[in-house]
Amino acid sequence: MASMALAFHASRFGEGGSPFLSPRRVAELLGVTLSELAALIGVARNTLAAKTGARKVDAALSPVVRILTMAGEMSGDERRAAIWFKHQPIPGWAGKTAYDLVREGKADKVLAYLEAVRSGVYA
């Protein structure tokens with residue numbers, strides 16, 4: 001199941017038949033520069049472009065893509081999901097957005113919140 005979900009993410013957020021996620025496509029969806037995306041996911045800007053860093057970038061981008069995919073499924077639109085990710089404070093996190101929490105290394109908290117909302121529990 002996880003490999004099927006990863007294949008879906010790679011097809012939607014990948015590029016040119018590559019098995020890896022595309023930092024450029026994720027940055028475009030979020031409306032951020034590659035430097036801002038690198039800071040968000042905690043990798044060096046040069047790592048985003050280096051072929052040797054593809055696995056590391058993929059691992060760092062994966063939680064962001066999972067969050068955007070889940071939020072997109074819930075909102076019905078990936079653009080809305082990107083706006084939510086950057087601008088909508090998450091209840092219980094002192095006005096922090098999903099973007100803020102991911103930058104702090106708390107993508108798991110955002111995913112848990114989305115799972116709770118999807119299950120009908122409002123945090």
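Located above this text is the structure these notes cover.
Just so it is clear, the structure is predicted and the values come from calculations on it, not from any experiment. (Residues numbered from 1 in each chain as written. Predicted model: local features only at pLDDT ≥ 70, side-chain atom pairs only at ≥ 80, totals over all residues. Heavy atoms only, no water.)

Participant: Before we go on, may I ask you to explain helix α5 (residues 54–75) in this structure?
Facilitator: Because an α-helix packs 3.6 residues into every turn, residues spaced three or four apart end up facing the same way. Compared with an ideal rise of 1.5 Å per residue, which puts 22 residues at 32 Å, α5 spans 30 Å between its outermost C-alpha atoms and is within 8% of the ideal. At L61, α5 is deflected by roughly 35°, the largest bend along its length, and proline P63 occurs up to four residues later in sequence. G76 sits one or two positions beyond α5 and adopts a positive phi of about 85°. (Helix = DSSP H or I, 4+ residues; strand = E, 2+ residues; numbered from the N terminus. Expected span 1.5 Å × (residues − 1). Bend = angle between axes of the 7 residues up to and from the residue.)

Participant: So what exactly am I meant to see when it comes to the packing of helix α2 (residues 23–30) against α5 here?
Facilitator: Angle between the axes and distance between the axes: these two values describe a pair of packed helices. The contact between α2 and α5 brings their axes to 11 Å, and the two run at 35°. Considering how the two elements wind past one another, α2 and α5 form a crossing that is left-handed. Residue-level inspection shows P23, V26, L29 and L30 of α2 in contact with α5, the latter providing V57, L61, V64, V65 and L68. In terms of residue class, the contact of α2 with α5 is built from nine nonpolar, no polar and no charged. (Axes fitted to C-alpha atoms, helices over the stretch in contact; angles between N-to-C directions. Left-handed = near helix turned anticlockwise from the far one by under 90°. Contact = heavy atoms within 4.5 Å. Nonpolar A, V, L, I, M, F, W, Y, C, P; charged D, E, K, R; others polar.)

Participant: Would you mind going over the nonpolar core with me for this structure?
Facilitator: For soluble globular proteins, nonpolar side chains are generally found buried alongside one another. Formed by 37 residues in total, the largest nonpolar core has its most connected members in L30, W84 and F85. Of all the secondary-structure elements, those providing two or more residues to this core are α2, α3 (34–41), α5, α6 (78–87), α7 (98–103) and α8 (107–118). Ranked by residue count, the leading element in this core is α5, at nine residues. Aside from chain neighbours lying at most four places away, what touches F85 is L30, L40, V64, I67, L68, T97, A98, Y99 and V102. (Core = buried A, V, L, I, M, F, W, Y, C linked by side-chain atoms within 4.5 Å. Buried < 20%, exposed > 50% of the residue type's maximum accessible area, 1.4 Å probe, protein only.)

Participant: Before we go on, may I ask you to explain the pattern of salt bridges in this structure?
Facilitator: Once the charged atoms of two side chains with opposite charge are near each other, the side chains can pair. Taken as a whole and judged by the stated rule, the model has six salt bridges. R118 is the salt-bridge partner of E115, the closest N and O atoms lying 2.7 Å from each other. With E115 and R118 both in helix α8 and three residues apart, the pair spans about one turn of that helix. Among the charged side chains, a network of salt bridges with common partners joins E73, E115 and R118. (Salt bridge = Lys/Arg side-chain N within 4 Å of Asp/Glu carboxyl O.)

Participant: Before we go on, may I ask you to explain the packing of aromatic side chains in this structure?
Facilitator: Ring pairs (aromatic) are described by centroid distance and by the angle formed between their planes. Enumeration over the complete set of coordinates arrives at one aromatic pair. Centre to centre, the rings of F85 and Y99 are 5.9 Å apart; their planes meet at 75°, and the pair counts as edge-to-face. Residue F85 is found in helix α6, and its partner Y99 is found in helix α7; the two are separated by 14 residues along the sequence. For the pair formed by F85 and Y99, the shared burial category is buried. (Phe/Tyr/Trp six-rings, centres within 6.5 Å; stacked < 30°, edge-to-face > 60°.)

Participant: Honestly, the environment of V57 in this entry has me stumped. Any pointers?
Facilitator: Relative to the helices and strands, V57 resides in helix α5. We classify V57 as buried; its relative accessible area is 3%. Residues V57 and L21, 36 residues apart in the sequence, show an inter-C-alpha distance of 8.0 Å. Sequence-distant contacts of V57, that is, excluding residues within four places in its chain, are made with P23, T47 and L48.

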